[in-house]
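Observations on the three-dimensional arrangement
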Amino acid sequence: MTTTPEAVRRASPRSRRAATPPDPAKPLLPAAEPVRLLDPSGTPLRAPADYPEPPVEALVEMYRRMVVGRRFDVQATALTKQGRLAVYPSSRGQEACQVGAVLALRDTDWVFPTYRESMALVSRGIDPVEVLTLLRGDWHCGYDPAARHTAPQCTPLATQCVHAAGLAYGEAYQGRDTVALAFIGDGATSEGDFHEGVNFAAVFKAPVVYFVQNNRYAISVPLSRQTAAPSLAYKGVGYGVPSEQVDGNDPVAVLAVLTRAVEHARAGRGPFLVEAHTYRMEAHTNADDASRYRDGAEVEAWRDRDPVARLETYLRARGALDDATVAAVAEEAEAYAADLRTRMNTQPTVDPMSLFDHVYAEPTPQLVEQREQVRAELAAAQDEEGER
């Protein structure tokens, strides 16, 4: 029997739909709205099947680290005002993102932080004085990256995206199930290194999680001047990378989404891109005047979405937190801050010549020349001091 054009036209809508090829982009697309498991008041919402709620014990530990992390952040900001730090980029308001990322990883996984991830690093167990060494200006990196599986805090935008892809690929090539997580700000998604890193990771199925903390501003540039995409999570689709967006001030959702993203990468299925919608409550750094580009009403609106209060309310309702536990965590946070204050008030002994160490494996001629200039200046100053 010959099928005529008329017969094709008469085919039922159902048969025509069945013949439509599947959309290859659909598995890569993020949810239309950010994943949320708690509303802003801390009331639980129905969990999507893809994102089961993390164990309550993990959420209690998350609360503890968030409280300690916030107190650390406030103390570091105060140290800047006292002249103990040259600069400090606060992550207050982004506690769920900072701590959730760390909790989703193993200690053997690698973290590639930006300059804003000091809270994440102390949550990872790195000595806070070592974390602040870079911002203090007395060493290239205060901690041992290899020992802590944590790259130095990255000041250039997005360069860590390429580094994370390379390390993750190398680890997988050697048969290890290491995952690398690269923190990124919304402004970094406009940089070439972001696109190169994501593309490389996708092509070679490198086990990387790219975690974009969309805090609405790249210094003073609003998100609307960064992209016309529905959200930054959609940027993964063009590279064949599955993506998700999450309410970055919902600690439960952040941990659930990042846990799944890390599992995806560890299973050998390639990279995963997560965008967290959050907000930095403080200025870009202490050198920035945020009032020039955002108004107080906007800040106050986000204050009502406080991730720490949100999680505390939920855990109290679950019976997992009580007044005694909350007080004990607050006391731990104060002790942490007091110890940091004491140790940061001790002036470090710095050898100026160490500035030239660990810059290159083999110093360049220019670096050698600069080193000798500094050596001569120090010798001249010492001679002048001796003549007095």
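So, a few notes on the structure that sits alongside this text. These numbers come from a predicted model, not from an experiment. (Residues numbered from 1 in each chain as written. Predicted model: local features only at pLDDT ≥ 70, side-chain atom pairs only at ≥ 80, totals over all residues. Heavy atoms only, no water.)

When helices and strands are tallied, the protein chain shows 15 helices and seven strands. Dimensions along the principal axes, computed over C-alpha positions, put the protein chain at roughly 110 × 60 × 45 Å. For the protein chain, the share of sequence-separated contacts (at least 6 apart) that also reach a separation of at least 24 residues comes to 76%. Accessible surface for the protein chain amounts to roughly 19400 Å². Of this, 53% is attributable to carbon and sulfur atoms. Taking the average location of the 41 positive side-chain charges in the protein chain and that of its 53 negative ones, the two points are 9 Å from each other. (Helix = DSSP H or I, 4+ residues; strand = E, 2+ residues; numbered from the N terminus. Contact = heavy atoms within 4.5 Å. Areas by Shrake-Rupley, 256 points an atom, 1.4 Å probe, with all protein chains shown as cover. Lys, Arg positive; Asp, Glu negative; His and termini not counted. Charge placed at Lys NZ, Arg CZ, Asp CG, Glu CD.)

Our next topic: the nonpolar core. Residues Y63, F211 and L311 are the most contacted members of the largest nonpolar core, which totals 46 residues. Looking at this core, the elements with two or more residues in it are α3 (56-81), α4 (95-103), β2 (180-185), β3 (208-214), α11 (251-266), β7 (272-277), α13 (307-318) and α14 (323-344). Residue contributions to this core peak at 10 residues, all from α11. Discounting chain neighbours no more than four positions away, the residues touching L311 are L59, M62, Y63, M66, P251 and V252. (Core = buried A, V, L, I, M, F, W, Y, C linked by side-chain atoms within 4.5 Å. Buried < 20%, exposed > 50% of the residue type's maximum accessible area, 1.4 Å probe, protein only.)

Between two aromatic rings, the relevant description is the distance of the centres plus the angle of the planes. In this structure the tally under the stated criterion is nine aromatic pairs. With a centroid separation of 6.4 Å and an interplanar angle of 85°, the aromatic rings of F72 and Y88 are classed as edge-to-face. Here F72 is found in helix α3, whereas its partner Y88 is found in the loop between α3 and α4, with 16 residues between them in sequence. Using a relative accessible area of 1% as the deciding quantity, one classes F72 as buried. Classification of Y88 as buried rests on a relative accessible area of 3%. Ring geometry for F200 against F204: centres 4.6 Å apart, planes inclined by 35°, an arrangement best described as tilted. Overall, the relative accessible area of 31% leaves F200 in the partly exposed class. Taken together, the ring pairs connect Y169, Y173, F200 and F204 into an aromatic cluster. (Phe/Tyr/Trp six-rings, centres within 6.5 Å; stacked < 30°, edge-to-face > 60°.)

With that settled, the discussion passes to the pairing of β3. In terms of residue burial, β3 counts as a mostly covered element, since seven of its seven residues are buried. With burial as the criterion, each face of β3 is covered, one bearing V208, Y210, V212 and N214 and the other bearing V209, F211 and Q213. Sheet topology note: the β2/β3 ladder contains six bridges and is parallel. Looking across to β3, one finds that A180 is bridged to V208. Handedness of the crossover is the feature at issue here: the chain leaves β2, passes through helix α10 (residues 192-203), returns alongside β3, and the resulting connection is right-handed. Sheet topology note: the β3/β7 ladder contains six bridges and is parallel. Across the sheet, the residue bridging to N214 is H277, located in β7. (Pairing = 2+ DSSP bridges. Right-handed = clockwise from strand over helix to strand, strands pointing away.)

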